[in-house]
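# Chains, contacts and geometry: an overview
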There are 8 protein chains.
Amino acid sequence: MAPDEKERCWDSLGFARLDFDRRRRRGGFGETIFGAGKTNEQLLALFRAFIEKDGLPVLATRCSQAQADYLKAQGLAGIDHDPVSRTIIWRPEGQKSAGLLGCVAVCTGGTADIPVAEEAARTAEFFGAHVTRHYDVGIAGIHRLLEQMDFIRQAHAIVAVAGMEGALAGVIAGLADAPVIAVPTSVGYGASFGGLAPLLTMLNSCAEGVAAVNIDNGFGAGYLAAQINRKVCQAARN
Amino acid sequence: MAPDEKERCWDSLGFARLDFDRRRRRGGFGETIFGAGKTNEQLLALFRAFIEKDGLPVLATRCSQAQADYLKAQGLAGIDHDPVSRTIIWRPEGQKSAGLLGCVAVCTGGTADIPVAEEAARTAEFFGAHVTRHYDVGIAGIHRLLEQMDFIRQAHAIVAVAGMEGALAGVIAGLADAPVIAVPTSVGYGASFGGLAPLLTMLNSCAEGVAAVNIDNGFGAGYLAAQINRKVCQAARN
Amino acid sequence: MAPDEKERCWDSLGFARLDFDRRRRRGGFGETIFGAGKTNEQLLALFRAFIEKDGLPVLATRCSQAQADYLKAQGLAGIDHDPVSRTIIWRPEGQKSAGLLGCVAVCTGGTADIPVAEEAARTAEFFGAHVTRHYDVGIAGIHRLLEQMDFIRQAHAIVAVAGMEGALAGVIAGLADAPVIAVPTSVGYGASFGGLAPLLTMLNSCAEGVAAVNIDNGFGAGYLAAQINRKVCQAARN
Amino acid sequence: MAPDEKERCWDSLGFARLDFDRRRRRGGFGETIFGAGKTNEQLLALFRAFIEKDGLPVLATRCSQAQADYLKAQGLAGIDHDPVSRTIIWRPEGQKSAGLLGCVAVCTGGTADIPVAEEAARTAEFFGAHVTRHYDVGIAGIHRLLEQMDFIRQAHAIVAVAGMEGALAGVIAGLADAPVIAVPTSVGYGASFGGLAPLLTMLNSCAEGVAAVNIDNGFGAGYLAAQINRKVCQAARN
Amino acid sequence: MAPDEKERCWDSLGFARLDFDRRRRRGGFGETIFGAGKTNEQLLALFRAFIEKDGLPVLATRCSQAQADYLKAQGLAGIDHDPVSRTIIWRPEGQKSAGLLGCVAVCTGGTADIPVAEEAARTAEFFGAHVTRHYDVGIAGIHRLLEQMDFIRQAHAIVAVAGMEGALAGVIAGLADAPVIAVPTSVGYGASFGGLAPLLTMLNSCAEGVAAVNIDNGFGAGYLAAQINRKVCQAARN
Amino acid sequence: MAPDEKERCWDSLGFARLDFDRRRRRGGFGETIFGAGKTNEQLLALFRAFIEKDGLPVLATRCSQAQADYLKAQGLAGIDHDPVSRTIIWRPEGQKSAGLLGCVAVCTGGTADIPVAEEAARTAEFFGAHVTRHYDVGIAGIHRLLEQMDFIRQAHAIVAVAGMEGALAGVIAGLADAPVIAVPTSVGYGASFGGLAPLLTMLNSCAEGVAAVNIDNGFGAGYLAAQINRKVCQAARN
Amino acid sequence: MAPDEKERCWDSLGFARLDFDRRRRRGGFGETIFGAGKTNEQLLALFRAFIEKDGLPVLATRCSQAQADYLKAQGLAGIDHDPVSRTIIWRPEGQKSAGLLGCVAVCTGGTADIPVAEEAARTAEFFGAHVTRHYDVGIAGIHRLLEQMDFIRQAHAIVAVAGMEGALAGVIAGLADAPVIAVPTSVGYGASFGGLAPLLTMLNSCAEGVAAVNIDNGFGAGYLAAQINRKVCQAARN
Amino acid sequence: MAPDEKERCWDSLGFARLDFDRRRRRGGFGETIFGAGKTNEQLLALFRAFIEKDGLPVLATRCSQAQADYLKAQGLAGIDHDPVSRTIIWRPEGQKSAGLLGCVAVCTGGTADIPVAEEAARTAEFFGAHVTRHYDVGIAGIHRLLEQMDFIRQAHAIVAVAGMEGALAGVIAGLADAPVIAVPTSVGYGASFGGLAPLLTMLNSCAEGVAAVNIDNGFGAGYLAAQINRKVCQAARN
């Protein structure tokens, strides 16, 4: 017997089941699209399906310049494509990002970690967080980090992005009292083993208050930081 | 030239530098003791140093029954030892745990994960969080978890503890909107590789809102969950 | 002394020994061709050798569009090439697929797993199984899977294809009573380590009734599922 | 709000949630107990809970001699403990194993693999399969295996247990047409890496029709083989 | 103080120190060239240096078609380039390969292993061994191997080349009494992990008389087999 | 139908299938026993089965002192137990080792590698090879090795046993023209990873003429060296 | 509150924080640039920022020919680009390298290791060390190394660069009394695993006086060797 | 022919070749003994052989209390055993340690790293270096390290010992200009993987001037630091 159509809150595009219920289930956080590996046509179809459903903003990550160009060429208006973070945000024409609340601090060890950090920052902003950026503050010159700590400490959640040795997350956690979401990056070579080295560093952090997401997963860290930030902001409003 | 003694906020026991400043720096979260590998004498000395400093509660993790027995035999009063989680909490005599606030949900996939989960739960309680426990709700019988979700969804932060395949964290994250702190455990055998399997599962979670701590690191997860919980509760009070 | 030619049931193409006996030895399951790494000429020669032998259908996997185009350009009629699954099936002109029997359910966690799933599905169909497809039912939105379970439970064998965390197989096994053949995919990045993460997840499944094949080995899973399906159908006929 | 008690089909022992619904959901296969890491008291409590529920047979795996002795000393009658496979089967007094149906062949490469093989064999028998044993037929002396193949080919499902190089499963799959459930064992040393070597061998099998379970997981293989066997036998009866 | 020039038996090309003494030290086995990563100019210079030294034959491995074309275009006569094995053998014009002695058997599991096998075969021939080739005799159809064993048993040394599960070496060793040099290949995908799977299989061989060389190292296996073959042939002549 | 009993050349002890045909198939090399993990009773039964069969010498490896004591206590005469190599050799009373032929050189990098080296040496002697021992000649003091090379070069086969960095095999292969069987040992700590480091070193040897066996597999190396040695000696006799 | 601008000794280029204080903090060793992954524009901006700051020489590593061409095309004078080591050194026009002091010996196992060695050598020279080069002295022909030892022994620090088995560092350390900085290279294939094999070899060196840097990290080794060399030279001057 | 006895600078104890030439070859650094795995008798014999040779001090590492007790019980006078570092130093009776020169700084991240650090410190002192100890200065409370940096900067060489995340070495290298010898320790659990995590961290250090030794290899680090220290001190004296 087929499932009751009335109770279905997702629909099929032939290749994907859209989960329209997620926004409710996940506390208002909308669906997002993982662009890597999708054809131009699939990406466009997904954007259109979400837009038609409720017209709320949509975030896509890991999108190439070519994908963004295709969407624009196909007349999809309201596209904001950032090539550094490889993210595309769609918003209804004329609508700006809602007022951003709270604070999420996004830090990187080096300059090569910035694309991942920007994915985190743009994601957190998409989900309503005010974001401060603190890039290239790695531990090889620790004074650069120490000078930024007064700002970083004001965040409700901290995202620490680092490749190579990945020690940044632990150092920050030792200096702040907000949760630190650590993002190892595949930046590096040799015994970095594609990001394994900073991942293990972050998992073995001596300082309390650190948890790690997948290598290069700026989106996941930004989502989690925004989630914490929202909980705090919502509590403050009530 | 020696560092200015006046500015020192840690002291040395010969084998350890105590970090009395941490409580201030980390937003009021006191120092804790990692009991594993410490001699009875070292453990006692650490407890006494913290107690003499300010008389505030102290948490020690990874403590054996023998270590607890030694502390009691040496006349250290106010010891609360839990053999399942291997934690010892010292509180001033007559003082009870302060009123616990907010909510942290601690879940396990199986019964063998309970010691790690209890380490998380006791840690979160030590740092002021109200904790609800949801044990043995692994995905092999998913209805057990679904029945608990209404309770779990009320938490400000969720700790998901699982060994073997470690899928619990991702399933919960797909059903709740609170941050999920995932703790892989070394429960299992063979291709679990000492907890590597559930660790990788958790890092690769498809659902957003999951971050992982080290294998068997119940303390780290409990700390992070309590940190998030406190931020929310503090915001609500202000 | 050379082996007795009369007893030889394989022959040589110069680069390969054909195993014409396999069909008998393996219960009627014919030889198949692994297309990856073969030159156009080798692929054509293999097809022709099998076709000339007995004119029974032939399946080739991991074939590129270019390989398929070459075969057609060389006049090989009766080619059915599916670019998603990268499979080519040859059937005598005018002959359709035999009536498919029983039921194999093929499920995927996400849309990116579909090419591997289609390799499994097409393989199972080639070996005589009726196949139902249940795609994009991963655990990040578990209700999508639960709604499909009534259909999935009717299968004699279930193929569960998933990358990243790979938890799908274990969840299905907990909800069904048919054998689950788990196929980890290399979909993912970072700590997926090319499919190692879902592979370990599947090997550590808490639910009984799961066994795994190699990463991305849709063919192997489809073969095994068809083998089980055929045994059941043959028993029912007798 | 608490879940409706009427709908609960599992109950709690304080440390475990019993899943009494599993038997229905999994096609009549009852609950089993994983004995490793459980205290004598916990093991006894689990046995008693299942026995009181419906009095149907219970299987426990990874049980030590001491655990078996304790159960007997506590007056639990009807215990059948096999020290080689470390399994305990409880049956109502006077009741024998039901008539075993079909055929599962259990093979090992060497003598050191026998404990894992016996766990598989006893599990398959517990779930109603007739089992034939073919031990020490590893590929170092391939004629030992070839002589057994006529028997092995009669099985509905084959369990191939091997450590060290683990090639047995692939050789059998090349010679038979029944599904081969491969069980790598941790037998070996050095570059066996605790069973990783035979696990990889089995996953990379050139012959079709092989899927692997976790290292040393005789129970899982026996379960899966019995599941396949039962499907075939049930089909034959209908 | 500089080394005594008179005693120097190697010379420098600016980028390489030629080891002209090796032939004496290694029992008459000449220097060879590893072509991979060398520029056309470097490869030519190395050939010329060796040819000018004593005019004896030279073997180069891992050479591309482009490298071979360059050597010919530069007028280096006497080049025998085999694109399958990627080897180049230079011999004085008019001189043929010396009479080959003894017997080395080179076997492969599949057709994709042939390039590595040919590197082994050509190397063994270069060093004076008569070579018999037995390709595509993998264990998925064991009768193909059994039929060849009478020939393989006549060899003084056996080279077994196999990817994926890599079980060929152990099966042969169980059936022959000559030393088996096992060569794992990177043929395969997924859990083959670039040849790690067959390497571990070969190192864990149950049958005695197997030793392994590096993944894809046909040259090393051919050299070692020729070394054994020569020792036997030299003993027979004396 | 059961296999023809007349053709059976192995028999069963209940737990093992004896392979009496191996001696013929493997060129006269008899069966050996792997003692590790066997009970005293099993070990005795195996010795007795082989002795009763044909009274030829028997070699057992990985035997403890307790196992040797048991065999003697049970009246098994003719036992030669060497506690360093953990080998037991049984010979008919009054019979000495046959005249040893040829030459196998066994070398170690350090003193801690001696047990593995002695397993190799005793095995090679058991199979008829004259053995010279060259221990503690590792590359940290290369002159120790250089002084021994004149002796080592006289061997028909060389066994190089080394832990930690494992460079001994490659250095010897660069200085000799006999095949080098490399045995990595688990001697070392930390990044030796149980012998993985020397294993990889040996597989990556720059010098030609090296092949490796499993970590700590002195038996395998001694067998292979004896096999090569015998082939050379047999050729010399004919 | 923002950090006091007066105390800032680094500045931002938008994508990088320059650490102008490093030269003081690190004993006069200037900043360097890691060219890999940087755009032409970023690389130029970094060079200009350093040059404008104090006009002291600048070293950039991992630079492509295209990057060097761009810098020259943009009119950056004083560029010394070495394509083998992929380094670019900028010096004020007319200024030559300062007088080089002391001695650093840079050795390689093979010719393929030379690019990494040249990165080390050029780096050491940049930081003021006189460098002697000893290339292609690997252990497959140990006499090549022994002949060079009298020169190598005169160095204050030795850099040993080797891929594949990586034994060079240990052999040199056994023959010299200067610190040996070992650089594993990714030269090799198969079980080299991208340089893991020589890295483990170097970490497990039996000879004292060896420490390792990351795979292919010629820069790091050259820096460290120059640091040691400078300390010795400075001490000699005082 | 045997090597010329006159030229032998090592002798054999039956199980070990003593390398009396090492002191000359390695610049005066005497032989040392690795105690782990040696019998009491072997350890005593080694001490006596060195003492009889020239009466110079002897260092043994990885020695148990039982080994030290045995040496004393056997009348070996002049033994200085330190149970924390597990080192034994023998000096002629009445002779004290020679005046220590220069400065080596030994730092640890935590208290559990102290045994390894003491092995390094005692080793450096044995080889003539003045040592300052800076323990428990890990990055979880970075101010503890910053306060010590003025002292640490005065060292000619720095040993940084750390487990878990192992970030200490990189942070120190960013703040000092002396070479940093990094020692990962096996302190930690879970994803530390026996010290692999800090090892990778140290190899991937962003700061220049770091090289790593094996996990837990305090001896190697102390030796290397003393070697550098001596070179500097010798230069200063000349």
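About the cut-offs
- Residues numbered from 1 in each chain as written.
- Chains lettered and ligands numbered in written order.
- Predicted model: local features only at pLDDT ≥ 70, side-chain atom pairs only at ≥ 80, totals over all residues.
- Heavy atoms only, no water.
- Helix = DSSP H or I, 4+ residues; strand = E, 2+ residues; numbered from the N terminus.
- Buried < 20%, exposed > 50% of the residue type's maximum accessible area, 1.4 Å probe, protein only.
- Contact = heavy atoms within 4.5 Å.
- Areas by Shrake-Rupley, 256 points an atom, 1.4 Å probe, with all protein chains shown as cover.
- Buried area = accessible area lost by both parts, 1.4 Å probe.
- Salt bridge = Lys/Arg side-chain N within 4 Å of Asp/Glu carboxyl O.
- Polar contact = N/O pair within 3.5 Å; in protein donor to acceptor, adjacent residues only side chain to side chain.
- Axes fitted to C-alpha atoms, helices over the stretch in contact; angles between N-to-C directions.
- Parallel < 35°, antiparallel > 145°, perpendicular 65-115°, else oblique.
- Left-handed = near helix turned anticlockwise from the far one by under 90°.
- Nonpolar A, V, L, I, M, F, W, Y, C, P; charged D, E, K, R; others polar.
- Disulfide = S-S within 2.5 Å.
- Least-squares fit on C-alpha atoms with pLDDT ≥ 70 in both.
- Pairing = 2+ DSSP bridges.
- Domains from an automatic or database assignment.
- Expected span 1.5 Å × (residues − 1).

### Topic: the overall build of chain A
In terms of regular secondary structure, chain A is built from eight helices and eleven strands. Sorting the 238 residues of chain A into buried and exposed places 65% on the buried side. Pairs at least 24 apart in sequence give 67% of the contacts found in chain A among residues at least 6 apart. Entry remark: accessible area of chain A is about 7,800 Å², with carbon and sulfur atoms responsible for 52%.

### Looking at the interface of chain F and chain E
Taken together, the contact pairs 35 residues of chain F with 35 residues of chain E. In total, chain F and chain E occlude about 3,100 Å² of area from one another, counting both sides; carbon and sulfur atoms represent 56% of this. On the chain F side of the interface with chain E, the three residues burying the most area are Leu203(F), Glu208(F) and Lys231(F), jointly 23% of the side's total. Our count for the chain F to chain E interface comes out at zero salt bridges. There are five residue pairs in polar contact (both at pLDDT 80 or more) connecting chain F and chain E. For the side of chain F that touches chain E, the secondary-structure elements that each account for two or more residues are α1 (22-25), α6 (168-175), α7 (196-203), β11 (210-212) and α8 (218-237) of chain F. Here the element with the most residues in the side of chain F that touches chain E is α8(F); it accounts for nine residues.

### So, the packing of helix α2 (residues 40-54) of chain E against helix α3 (residues 65-73) of chain E
Residues and elements named next belong to chain E. Orientation of α2 relative to α3, taken along the N-to-C sense of each, is 55 degrees, at an axis distance of 10 Å. As judged from the angle between their axes, α2 and α3 are oblique. For the crossing formed where α2 meets α3, the hand is right-handed. On the side of α2, the interface is formed by Asn-40, Glu-41, Leu-43, Leu-44 and Phe-47, while α3 contributes Ala-66, Gln-67, Tyr-70 and Leu-71. When its residues are assigned to classes, the contact of α2 with α3 shows six nonpolar, two polar and one charged.

### Brief notes about the state of the cysteines
Residues and elements named next belong to chain D. Applying the stated criterion across every chain, the model contains zero disulfides over all chains. Of all cysteine sulfurs, the one in Cys-103 lies closest to Cys-107, which takes part in no disulfide; the gap is 9.8 Å. By relative accessible area, which is 0% here, Cys-107 ends up buried.

### Considering the side chain of Arg62(D)
With respect to the secondary-structure elements, Arg62(D) resides in the loop between β4 (58-61) and α3 (65-73). The class of Arg62(D) is buried, set by a relative accessible area of 12%.

### Examining the relation of the copies chain B and chain A
Rotating chain B by 180 degrees and moving it 0.0 Å along the rotation axis overlays it on chain A with an RMSD of 0.0 Å. Seen this way, the second copy is the image of the first under a two-fold rotation axis. Both copies share a contact surface, since 100% of the interface residues of chain B are interface residues in chain A too.

### What to know about the sheet that holds strand β6 (residues 87-90) of chain D
Residues and elements named next belong to chain D. One open sheet accounts for four strands, arranged β3-β4-β6-β5; its pairing is mixed. The open sheet has two free edges, formed respectively by β3 (32-34) and β5 (79-82), since each of these has just one partner strand. Averaged over all pairs of adjacent strands, the angle between strand axes in this sheet comes to 15 degrees, irrespective of strand direction. In terms of strand pairing, β4 meets β6 through three bridges, oriented antiparallel.

### Considering the pattern of salt bridges
Enumeration according to the criterion identifies 48 salt bridges over all chains in this entry. The partner of Glu125(B) in a salt bridge is Arg133(B), with the nearest N and O atoms 3.0 Å apart. A salt bridge links Asp150(G) to Arg153(G); its shortest N-O distance comes to 3.2 Å. Residue classification places Asp150(G) among the partly exposed positions, given a relative accessible area of 40%. Relative accessible area serves as the criterion here: at 31%, Arg153(G) is assigned to the partly exposed category. Salt bridges sharing common partners tie together Glu118(A), Glu125(A) and Arg133(A).

### Brief notes about the relation of the copies chain F and chain E
Between the two copies, chain F and chain E, the superposition gives an RMSD of 0.0 Å; the rotation angle is 180 degrees and the shift along the axis is 0.0 Å. With an isologous cut-off of 70% or more, the 100% of interface residues of chain F that recur at the interface of chain E puts this contact in the isologous class.

### A word on helix α6 (residues 168-175) of chain C
With respect to burial, α6(C) is a largely interior element, eight of its eight residues being buried. Those residues of α6(C) that fall on the buried side of the exposure criterion are Leu168(C), Ala169(C), Gly170(C), Val171(C), Ile172(C), Ala173(C), Gly174(C) and Leu175(C).

### Quick look at the domain arrangement of chain A
Residues and elements named next belong to chain A. Domain parsing of chain A yields domain 1 (3-90) and domain 2 (101-237). Contacts between the two partners involve 18 residues from domain 1 and, on the opposite side, 15 residues from domain 2. In total, about 1,400 Å² of surface goes out of reach between domain 1 and domain 2, with carbon and sulfur atoms giving 59% of it. Between Arg-62 and Glu-119 there is a salt bridge; the shortest N-O distance is 3.1 Å. Where domain 1 meets domain 2, there are four residue pairs in polar contact (both at pLDDT 80 or more). Among the elements of the structure, β4 (58-61), β5 (79-82) and β6 (87-90) are those that each provide at least two residues to the side of domain 1 that touches domain 2.

### Structural notes on helix α8 (residues 218-237) of chain D
For α8(D), spanning 20 residues, the distance from its first C-alpha to its last is 28 Å, which sits close to the expected 28 Å at 1.5 Å a residue. With 16 of 20 residues buried, α8(D) lies mostly within the body of the structure.

### Description of the environment of Ala45(B)
Residue and element names in this part refer to chain B. As for its placement among the helices and strands, Ala-45 is situated in helix α2 (residues 40-54). The class for Ala-45 is partly exposed, based on a relative accessible area of 29%. Between the alpha carbons of Ala-45 and Val-210 there is a distance of 38 Å; along the sequence they are 165 residues apart.

### Examining unusual backbone geometry
Residues and elements named next belong to chain G. Look at Arg-62: it is not a glycine, yet its phi comes out positive at around 55 degrees. The backbone of Asp-216 sits at a positive phi, close to 70 degrees, despite the residue not being glycine. Its place among the elements puts Asp-216 in the loop between β11 (210-212) and α8 (218-237).

### Some thoughts on the sheet that holds strand β5 (residues 79-82) of chain G
Residue and element names in this part refer to chain G. The mixed open sheet is built from four strands, whose spatial order is β3-β4-β6-β5. Only two strands of the sheet have a single partner each, and these edge strands are β3 (32-34) and β5. Geometrically, the sheet is characterised by an average inter-axis angle of 15 degrees between neighbouring strands, direction not taken into account. Strand contacts of helix α3 (residues 65-73): β5 and β6 (87-90), with the helix running at about 165 degrees to β5, the strand carrying the most contacts.

### Observations regarding the interface of chain B and chain A
Taken together, the contact between chain B and chain A spans 35 residues of the former and 35 residues of the latter. Between chain B and chain A, the buried area comes to about 3,100 Å², and carbon and sulfur atoms account for 56% of it. Applying the counting rule to chain B against chain A returns zero salt bridges. Elements with a contribution of two residues or more to the side of chain B that touches chain A: α1 (22-25), α6 (168-175), α7 (196-203), β11 (210-212) and α8 (218-237) of chain B. No other element matches the nine residues that α8(B) contributes to the side of chain B that touches chain A. A class-by-class count of the residues in the side of chain B that touches chain A yields 21 nonpolar, eight polar and six charged.

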